Each structure stands twice: as structure tokens, then as C-alpha cells.
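Coordinate analysis (summary)
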Amino acid sequence: SQTIHQWPATLVQPVGSPLSLECTVEGTSNPNLYWYRQAAGRGLQLLFYSVGIGQISSEVPQNLSASRPQDRQFILSSKKLLLSDSGFYLCAWRGGPWETQYFGPGTRLLVL
Amino acid sequence: ELKVEQNPLFLSMQEGKNYTIYCNYSTTSDRLYWYRQDPGKSLESLFVLLSNGAVKQEGRLMASLDTKARLSTLHITAAVHDLSATYFCAVDLYTGTASKLTFGTGTRLQVTL
């Protein structure tokens, strides 16, 4: 069966510090991968998605970036965090177009 | 731009009562998902609705899809406290390279005794 992992689970970072969040999927190959952000009490905002190694599509221009160095690894990064980057970051995968999308456990980020 | 609207945003229900959550979307799509999110947790897939007229049921929850009206409903029958959570609908669109889900604003359901 497939599983999706995210780490760290929680993170407190000062403004201006760098960020690296990691997501890995097990039990499948060549998944479509997605990064979402959820602000407190709000809906989900799609940040990035990837259909293959090295391929990244950006949905929202901002100070975040994403990379996919391996087939089942998706990384979200920032060089300098802003207060507005605080939120719940969710990674998701699906086997292909039109398949059910499954979410990871999430990383809660607080920027102070 | 695809817009997905849910109503109500907040729903306080008594145990044993019935209610419906509505999800309207602005662009043609044949695929709609419902997710549940417990406080502080991730999203859990509830239903996948694949075509016009599709109906899925799981326990006290029943979801339906009308693609012509661009409307999906999530009906709750005889609510129980365990159903308290936030429910999201999400519409699937294919970009030519990948499918992307656009989520509704969510409906926070609170079931009281």
C-alpha cells in the first residue's frame, strides 16, 4: 500500500530564516505531487505541483520554491521566511490525472 | 478561473437532525471530491463523484453530483457528534499535463448534543 510522509511535523522559525520541508511517497512510482498551504481557519491554496522528476509548476508567485530531486520526493523551500508564510503545509499525491488525491499528515509552520 | 463555493460556511446541528451542504462550481467538470478535515489534522478522502447523477453513500453521509447544474451536495442524516469536522469539496480540472483540484472554502460542521 502507498504511504506519504512529511517532516518535520511542526516548525518554529524566525523571520528571514531559510526553510526546507520534505515530502516522500512510498509504494508507488511516478506520482503526481502537490504542495498546498492552509492558513489558520481557511481553505487550501495550491502552491506547486509536479508530474515528474525535475518538473515543477508554480501556481502562486511568492518567496517559496519547490523541487523534485527524486521520483517520490518533493521539497518545499524558502531562502527568507516572511510572517505571512505561517500556516499548515500539506503535501499530496495521486497516481495520475483523474485519480483520487491523498494527503500527507502536514507540517505546521510558525514564523515569528 | 474556476471558483468553488460552499455553503454554509459554518453549520451547527443538533444530534439526530438532517442537513445538506452545498458545493457550487463555475466551470464544467465531471469529477468532484469530498474531503473531511478534523481540527489540526490533514484531509481524508470521503467520496469521489465521477459523472452526472453519481451518488455515493457511506454511513450517515451521502454525496451527489449534478454536472449540468454544477452542483454537488453532501447530505447528513441523523447527525452524530463524531461527524463534527470541516468538510471540503474539490473540483478536478485537467491542464493538459496534470489534474489539479480546486477546493471550496470548507464547511465547518459542529454537532451538538
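Heads up: the structure comes first, above all this text.
Just so we're clear, the structure is a prediction, and the values are computed from it rather than from any experiment.

What follows concerns the pattern of salt bridges. Applying the stated criterion to the full structure yields 5 salt bridges over all chains. In this structure, the salt-bridge partner of B:D92 is A:R94, at a minimum N-O distance of 2.7 Å. Here B:D92 is found in strand β9 (residues 85-94), whereas its partner A:R94 is found in strand β9 (residues 87-94) on a different chain. Of the two residues, B:D92 and A:R94, both sit in the buried class.

Time to look at the environment of A:A39. Along the polypeptide, A:A39 turns up in the loop between β4 (32-38) and β5 (44-52). A sequence separation of 45 residues divides A:A39 from A:S84, and the C-alpha atoms of the two residues are 8.9 Å apart.

At the interface, 23 residues of chain A touch 21 residues of chain B. Of the roughly 1700 Å² buried at the junction of chain A and chain B (both faces included), carbon and sulfur atoms supply 56%. Looking only at chain A, the three residues that lose the most surface to chain B are A:L44, A:W98 and A:F103, adding up to 32% of its buried area. At the surface where chain A touches chain B, the tally comes to 2 salt bridges. On the surface where chain A and chain B come into contact, there are 10 residue pairs in polar contact (both at pLDDT 80 or more). Residues belonging to the side of chain A that touches chain B are distributed by class as follows: 12 nonpolar, 6 polar and 5 charged.

By definition, a disulfide links two cysteine residues through a covalent bond between their sulfur atoms. Within this structure, the stated rule accounts for 2 disulfides over all chains. Covalent S-S linkage joins A:C23 and A:C91, the inter-sulfur distance amounting to 2.0 Å. With the S-S dihedral at roughly -75°, the linkage between A:C23 and A:C91 falls on the left-handed side. Pair noted here: A:C23 is in strand β3 (residues 19-26) and A:C91 is in strand β9, with a separation of 68 residues, a long-range link. Note on A:C23: relative accessible area 1%, which makes it buried. Covalent S-S linkage joins B:C23 and B:C89, the inter-sulfur distance amounting to 2.0 Å. In this structure the cystine formed by B:C23 and B:C89 twists about its S-S bond by roughly 80°; its chirality is therefore right-handed. Pair noted here: B:C23 is in strand β3 (residues 19-25) and B:C89 is in strand β9, with a separation of 66 residues, a long-range link.

Working definition: the strands of a sheet are paired by backbone hydrogen bonds and lie parallel or antiparallel to each other. Residues and elements named next belong to chain B. Pairing in this open sheet of 5 strands is antiparallel, and the strands run β1-β3-β8-β7-β6 from one edge to the other. Single-partner strands in this sheet number two, and they are β1 (4-7) and β6 (55-58). For this sheet, the mean angle separating the axes of adjacent strands, direction not counted, is 15°. Relative to β3, β1 runs antiparallel, the two sharing 4 bridges. By the bridge assignment for β3, V4 is matched with Y25.

Cis rather than trans, the peptide bond between A:W7 and A:P8 has omega equal to 0°. Mapped onto the elements of the fold, A:P8 is located in the loop between β1 (3-7) and β2 (10-13). The peptide bond linking B:N7 to B:P8 adopts the cis configuration, its omega dihedral lying at 0°. As for its position among the elements, B:P8 is in the loop between β1 and β2 (10-14). Although it is not a glycine, A:N30 sits at a positive phi angle of roughly 50°. Looking at the element boundaries, A:N30 is found in the loop between β3 and β4. Its identity as a non-glycine residue notwithstanding, B:A78 has a phi of 50°, on the positive side. Mapped onto the secondary structure, B:A78 falls in the loop between β8 (71-76) and β9. On the accessibility criterion, B:A78 (23% relative accessible area) is partly exposed.

Conventions and cut-offs
- Residues numbered from 1 in each chain as written.
- Chains lettered and ligands numbered in written order.
- Predicted model: local features only at pLDDT ≥ 70, side-chain atom pairs only at ≥ 80, totals over all residues.
- Heavy atoms only, no water.
- Salt bridge = Lys/Arg side-chain N within 4 Å of Asp/Glu carboxyl O.
- Helix = DSSP H or I, 4+ residues; strand = E, 2+ residues; numbered from the N terminus.
- Buried < 20%, exposed > 50% of the residue type's maximum accessible area, 1.4 Å probe, protein only.
- Contact = heavy atoms within 4.5 Å.
- Buried area = accessible area lost by both parts, 1.4 Å probe.
- Polar contact = N/O pair within 3.5 Å; in protein donor to acceptor, adjacent residues only side chain to side chain.
- Nonpolar A, V, L, I, M, F, W, Y, C, P; charged D, E, K, R; others polar.
- Disulfide = S-S within 2.5 Å.
- Pairing = 2+ DSSP bridges.
- Axes fitted to C-alpha atoms, helices over the stretch in contact; angles between N-to-C directions.

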